[in-house]
Structure formats: structure tokens, C-alpha cells
Amino acid sequence: MEEKGYTQDGTVNLRRQPVLSSKTGKWKACAFLVGYEAFERMAFYGVASNLVVYLTTQLHEDTVASVRNVNNWSGAVWMTPIFGAYIADSYLGRFWTFTFSSLIYVLGMVLLTLAVSIKFLKPTCSNGVCNKASTSQIAFFYTSLYIIAIGAGGTKPNISTFGADQFDDFDPHEKGLKVSFFNWWMFSSFLGALVATLGLVYIQENLGWGLGYGIPTVGLILSLVIFYMGTPMYRHKVRKTKSPAADFIRVVKAAFANRQHDLPSDPKELHEFPLQHYVDSGKRQVYHTPIFRFLDKGALKEEDKVGNSKRPPCTITQVEGVKLVLAMGMIWLVTLIPSTIWAQVNTLFVKQGTTLDRHLGSTFQLPAASLGSFVTLSMLISVPMYDRYFVPLMRKRTKNPRGITMLQRLGIGFSIQILAIAMAYLVEVKRMQCIKSHNILNPKEVIPMTIFWLLPQYILLGVADVFNAIGLLEFFYDQSPEDMQSLGTTFFTSGIGVGNFLNSFLVTMVDKATSMDGRKSWIGNNLNDSHLDYYYGFLLLISILNLGAFLWASKKYIYKRESNVEAKNEILEMECKPLEVVPLGFQV
């Protein structure tokens, strides 16, 4: 097929016919997907960035309840992709799962716009003071939010992996283009977030919530039209395993069934198909690694076992797929605290900003949530610098195509994030000192301290995200078993989701623990009479401890080593460098 100009990785069009490399995929196909991502992120951040303000000013929720509800909804948005990825990998494929889910997403945005626009669906207001929302109004509002979460469950894990599928790993040129894909994919995501945090939050607070939600709804619909315009150029990967999850369960069951048997001293004695099998099938053989050795018992040959089994043993490749999932799970655990830190951007950072002087000139007042745009701006500036300058510079030194390893990238991001929360702690100490010196106790009294004191923590979080957010997405896609790459990226989304739930839990527990026996809560409704600095100090401590756990986990991690089989029956080794320790302390 290569002689006719077809793709070498077996990708097809919607009619399941082989596709020409010159007319499909690559950046010309990704341009349509990137357009969708920018509009979708504008819609999501248009809701998420200012949601805590809507809940407190329009629905009259208290600080802890509003933070908890924002975190719970954000957590759901990032957790539902587990189900969307499973459906894509096992049944519908990425394209059709995305298609059906995007319609649900649009429905949720339309309903949410109605919830804040139609008179009988929102609380009535008089002289700027809103009445408490009725039960039915609250139910309709939150139903709309969680319909969006369900829709995001099918779009989020599949759109980025579908974009990565547009590059042929068997073509050296396209494989080189793919190295930059996730950087520029996230760049478009940041662009959408910037429009939301700069423009939409201002519109919501000054021109109306209905218009502020209606604009991203229309934009989302437009982006879907753009997405489907690119359909003739898209490449679709053919599922090579009926149920990847079934293979996972089978390996675990086989290893448990053979738990009494001894492993051979040489891993080459374990069961594996001949290399020609992988050449013929277009699959990739994954090489044996010395971690989670107990799972190797799932690949014991029949002669190594006592008694007969009705099913053939698992292959080393199948066993290594399970090992990859477990190893990624180990890395996933140490991403939860960084996700908790990120959750502050749309919650406590915003509430903190509402207490400060937000005036620009004598008349214009900056919405507190708009400061989140500096997270996005720092990302937009940092991504091209990272891709065009940092990577080539480090590539010369390390000879690694990525410049630095994926785990090194994460480690740098987590370290910068610690600096961000340390800065947030110091600024909050400064704010508390200002409150004390001016004897401010009224929750609505503005502290004579400009909101731009918060700028460093926002900028540092943006720079950190260039390393850890993009790095995590790339890491979990790259290290996933071949037939589980949609499901693999849900390690990224679920980590953010659990981080939001964890923040919700921490805020609730800290509030209850610190307000016992009539004491002042660290996170009270009146932030001018609370101790948010103590809470930030607590987050700083657990972030430092988590970085130590990450360094330990990264030293234990072994990267996936697999064969890449070209159509010519020529075997190319991918990611097969020997393990070594590099200056930053992580394995290559």
C-alpha cells in the first residue's frame, strides 16, 4: 500500500477504505479540530471561570457551598471522560462518540443559557438584590450544568486523541510533526480560555449573564459546523482489539490463576507471538519490563503450568499493556495535589480578588475572574517559546526528540506550581496585614490593595501548566497501550476531576475543623475576617510533600518500549533507549 501513497498505519476513512497520505491527516486536518477546541474551551471557561460569582451573587450560596459546588461540577466534567473513552475504545470509535456527545454538550449550553435568561427560570432581582432561587430554579440550573458534564465526557477524551491519530507513526516525517501537536493543541485551548476570561466574564457581570452564556453557545455550534467541514480529510484508526478492557481483566485473572507457579528466569521463555504476527496484523509488539513481575504469570506457557487450561496464555504484549496501566496509575496518583492547586484559580483566587481594589481608572472595574486571563496569556506566550526555543536547545544537549523526557517536563511544572502557591500564601499574608492596619471587618469593604498583587500567582500557574498540563496529556496518550489511547487520556482528565473533588473535600473539612467550638473558620463567608493564608500554607506543605512522592514514582517508572512495524515488513525500534539517570533525577 505504501507504493500507492496510502498511510502506513492502517488508518481509513468513514467508509473504512484506506486513505491517501497526501490528501488526509496532518495539520491540514487538525486545523478543523483545533478550531473546535478553541470554541469549546471558550464555552467551558465562560461557565467555569465565573461560576462561583454567579452562585454567590445570583443564587445566594455561601462561600464554602459555592466553592464545593463549583469543584463538584468541574470534577464531574473531568471524570465523565472515563465513560466516553471506554465507549470509544470498545464500541463506537472516537469520531462517532464525539459526534453524539457534542450534541449533548450543545443541549446543556442551550439549557444553561435559558436558565440565566428566562424570567421564571432565574431568581427575581430588585435594585441589584436578588431573591433566593426556588427549588425548581436551582434544579433546572444544575441539571443544565451536569448535562454539559455528560457531553464533555464524550468529547474531551476523544477530540485530542482523534487529532493525534491524524499523524502516521510509521512515517518519520509525520512522527516528527506529531512531537509538536500537543503543544499547539493546548495553545488553541488556551486561546479559547483567554477569550472567556477576558471578554465573557466582563459581559456576564456588566451586560447580562444570558448574553455571557449565549455567545459561547453560538460559538460552540459554529465550531461543530467547522469540525464536520473537515470530515473528508480525517483519518480513522481501526480497532484491532474487540474489547481492550477484556484483555486487561484476562491478564489479571490468568496471573492470579497461576499464582502458585514459578516464573522462568529468562523472560524470553514467556508466551509471545512471533514477530511476523505483528508485521502481518499491523500491531506493535511491546517488550518485557521488569516491573510488576507477578503479572508475568499471566504469560506462562502451557508446559510451565500444572494442569490444562481451556484458554491459551496471554502474550507478553498483553501483560505489558496491563503493566503500563498500573504504572501510569502510579504517576496519576501524584498528579492529584497539583490538580487541587489548579482548582484554586476558579474558586478561592476569584473570591480573594473580589475583596481587593479592582478599579482601572475612575470608572472601569475589572471582574475578579478576569485575572484568570493572565494564566492563559502566560501560557500563550510560553508555549511558542517552549516549542521553538526550549525544545531545540535541550534537544542538542540530550539528543531526545522532545528535548527533555516527559517526566522531567512534569517535574519542572510541579516545581513551578509550588512557587505559585508560595506566592499566593505571601500575598494573602500581605492582604491580612493590610486588613489589620486599616481595621477592616465588613465583608463588602474593599481593601486598599490593588488586585494586581495576585498577578504573580496567576502567571506562575500559567507557566507551570505549559509543563505539567500539556506534559500530562502527552504522557498518558504516549504511554497508553495501543488499543486504549482514548481511555489512556482519561488519566489526564480524571486526575483534574479528582483534584477538584479533593479540593471540595479539603475546603469542607478545613472549614468544619477550624470553625469548631465557635472559632473563626479559615475559609469563612467573610474573607476579611478569615485565615485564607493558613489554608494556602497547608496547600504549600502538601505540594512539597507531593513533589517528593513524584520524584520517587518517576525513578520507578519505566517507559513503554515497543516495535513499530512498517508496511514494508521492516521493524523500527521506538523509544528503545536503555534506561539511565539524567541530571534532573528522572529516568529517560
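What counts, and where the lines are drawn
Residues numbered from 1 in each chain as written. Predicted model: local features only at pLDDT ≥ 70, side-chain atom pairs only at ≥ 80, totals over all residues. Heavy atoms only, no water. Helix = DSSP H or I, 4+ residues; strand = E, 2+ residues; numbered from the N terminus. Rg over C-alpha atoms; globule rule 2.2 N^0.38 Å. Buried < 20%, exposed > 50% of the residue type's maximum accessible area, 1.4 Å probe, protein only. Contact = heavy atoms within 4.5 Å. Areas by Shrake-Rupley, 256 points an atom, 1.4 Å probe, with all protein chains shown as cover. Lys, Arg positive; Asp, Glu negative; His and termini not counted. Charge placed at Lys NZ, Arg CZ, Asp CG, Glu CD. Salt bridge = Lys/Arg side-chain N within 4 Å of Asp/Glu carboxyl O. Pairing = 2+ DSSP bridges. Axes fitted to C-alpha atoms, helices over the stretch in contact; angles between N-to-C directions. Parallel < 35°, antiparallel > 145°, perpendicular 65-115°, else oblique. Left-handed = near helix turned anticlockwise from the far one by under 90°. Nonpolar A, V, L, I, M, F, W, Y, C, P; charged D, E, K, R; others polar. Phe/Tyr/Trp six-rings, centres within 6.5 Å; stacked < 30°, edge-to-face > 60°. pLDDT = per-residue confidence, 0-100. Polar contact = N/O pair within 3.5 Å; in protein donor to acceptor, adjacent residues only side chain to side chain. Expected span 1.5 Å × (residues − 1). Core = buried A, V, L, I, M, F, W, Y, C linked by side-chain atoms within 4.5 Å.

Draft legend 1. Looking closely at the overall build of the protein. Scanning the protein from N- to C-terminus turns up 18 helices and eight strands. For 588 residues, the compact-globule estimate of 2.2 N^0.38 gives 25 Å, and the C-alpha radius of gyration of the protein, at 26 Å, lies within 12% of that figure. Per-residue burial over the protein gives 59% buried out of 588 residues. Within the protein, residue pairs in contact and separated by at least 24 positions form 80% of the contacts whose partners lie at least 6 positions apart. A total accessible area of about 24900 Å² is found for the protein, and carbon and sulfur atoms account for 64% of it. Computing the positive centroid from 55 side-chain charges and the negative centroid from 44, the protein places the two 3 Å apart.

Draft legend 2. Just the side chain of Asp-511, in detail. Relative to the helices and strands, Asp-511 resides in helix α17 (residues 485-514). One buried charged side chain, Asp-511, makes no salt bridge at all; its nearest oppositely charged neighbour is Arg-68, positioned 6.5 Å away.

Draft legend 3. Expanded view of the pairing of strand β6 (residues 447-450). Residues Ile-447 and Met-449 of β6 are buried on one face, while the alternating residues Pro-448 and Thr-450, pointing to the opposite face, are not. One ladder, built from two bridges, connects strand β3 (residues 356-357) with β6; its direction is parallel. If you follow Asp-357 over to β6, its bridge partner there is Thr-450.

Draft legend 4. Structural view of the packing of helix α1 (residues 26-48) against helix α3 (residues 63-79). At a closest axis distance of 11 Å, the pairing of α1 and α3 adopts a crossing angle of 160°. Comparing their axes, α3 and α1 come out roughly antiparallel. The crossing of α1 and α3 is left-handed. Within the contact between the two elements, α1 uses Arg-41, Phe-44, Val-47 and Ala-48 and α3 uses Trp-73, Val-77 and Trp-78. Taken together, the residues that form the contact of α1 with α3 break down as six nonpolar, no polar and one charged.

Draft legend 5. Seen up close, unusual backbone geometry. In this structure, Lys-26 takes a positive phi of about 60° despite not being glycine. Inspection of the secondary structure assignment puts Lys-26 in helix α1. Phi is positive for Phe-292, close to 45°, though the residue is something other than glycine. On the secondary structure map, Phe-292 appears in the loop between α10 (275-281) and α11 (316-333). We classify Phe-292 as partly exposed; its relative accessible area is 26%.

Draft legend 6. Here's a closer look at the packing of aromatic side chains. Inspection of every chain in the model, using the stated rule, returns 41 aromatic pairs. Ring centres of Phe-44 and Tyr-45 lie 5.1 Å apart, and the angle between their planes is 75°; this geometry places the pair in the edge-to-face category. Here the two residues Phe-44 and Tyr-45 agree in accessibility, since each one is buried. On the basis of an interplanar angle of 75° and a centroid distance of 4.8 Å, the ring pair of Tyr-54 and Trp-209 is categorised as edge-to-face. Linking Tyr-54 in helix α2 (residues 51-57) with Trp-209 in helix α8 (residues 209-229), this pair joins segments that are 155 residues apart in sequence. In this structure, Tyr-54 and Trp-209 share a single accessibility class: buried. Here the aromatic residues Tyr-36, Phe-95, Trp-96, Phe-98, Phe-100, Phe-162, Phe-227, Tyr-228 and Tyr-234 are joined through ring pairs into a cluster of three or more.

Draft legend 7. How the structure looks around the confidence of the model for the protein. Confidence in the prediction for the protein averages 84 pLDDT; 92% of positions are at 70 or higher. The lowest-confidence element of the protein is strand β8 (residues 571-574), averaging 40 in pLDDT; the highest-confidence one is helix α18 (residues 532-556), averaging 94. Long-range and interchain partners of residues 565-588, a stretch whose pLDDT sits below 50, account for 67 contacts in this model, where long-range means more than four residues apart.

Draft legend 8. The environment of Thr-97, seen in detail. On the secondary structure map, Thr-97 appears in helix α4 (residues 81-115). Since its relative accessible area comes to 4%, Thr-97 is described here as buried. Between the C-alpha atom of Thr-97 and that of Leu-211, which follows or precedes it by 114 residues, the distance is 30 Å. Looking at Thr-97, its side chain comes within polar contact range of the main-chain oxygen of Gly-93, at 2.7 Å.

Draft legend 9. Structural detail: the side chain of Thr-340. The residue Thr-340 is located in helix α12 (residues 336-342) in this model. Sequence-distant contacts of Thr-340, defined by excluding residues within four places in its chain, comprise Gly-499, Leu-502, Asn-503, Leu-506 and Leu-539.

Draft legend 10. Highlighting the packing of α1 against α4. The N-to-C vectors of α1 and α4 enclose an angle of 35°; their axes lie 12 Å apart at closest approach. The crossing of α1 and α4 is left-handed. Of the residues in α4, those in contact with Tyr-36, Glu-40, Ala-43, Phe-44 and Val-47 of α1 are Phe-98, Tyr-105, Met-109 and Leu-112. Broken down by class, the residue content of the contact of α1 with α4 amounts to eight nonpolar, no polar and one charged.

Draft legend 11. Local environment of α8. Taking 1.5 Å per residue as the helical rise, α8 with its 21 residues ought to reach 30 Å, and the 31 Å between its terminal C-alpha atoms agrees with that figure. Looking at α8, one finds that the buried residues are Trp-209, Gly-210, Gly-212, Tyr-213, Gly-214, Pro-216, Thr-217, Gly-219, Leu-220, Ser-223, Leu-224 and Phe-227. For α8, the elements touching its buried residues are α1, α2, α4, α5 (135-164) and α7 (181-206).

Draft legend 12. Summary view of the nonpolar core. Grouped together as the largest cluster of nonpolar side chains are 144 residues, with contacts concentrated most on Trp-73, Phe-141, Phe-227, Phe-475, Tyr-535, Tyr-536 and Tyr-557. Beyond its immediate chain neighbours, meaning those up to four positions away, Phe-475 contacts Met-328, Ile-331, Met-406, Leu-407, Tyr-557 and Tyr-559. By size, the runner-up hydrophobic cluster in this structure holds eleven residues, among which are Ala-255, Ile-316, Val-319 and Val-322.

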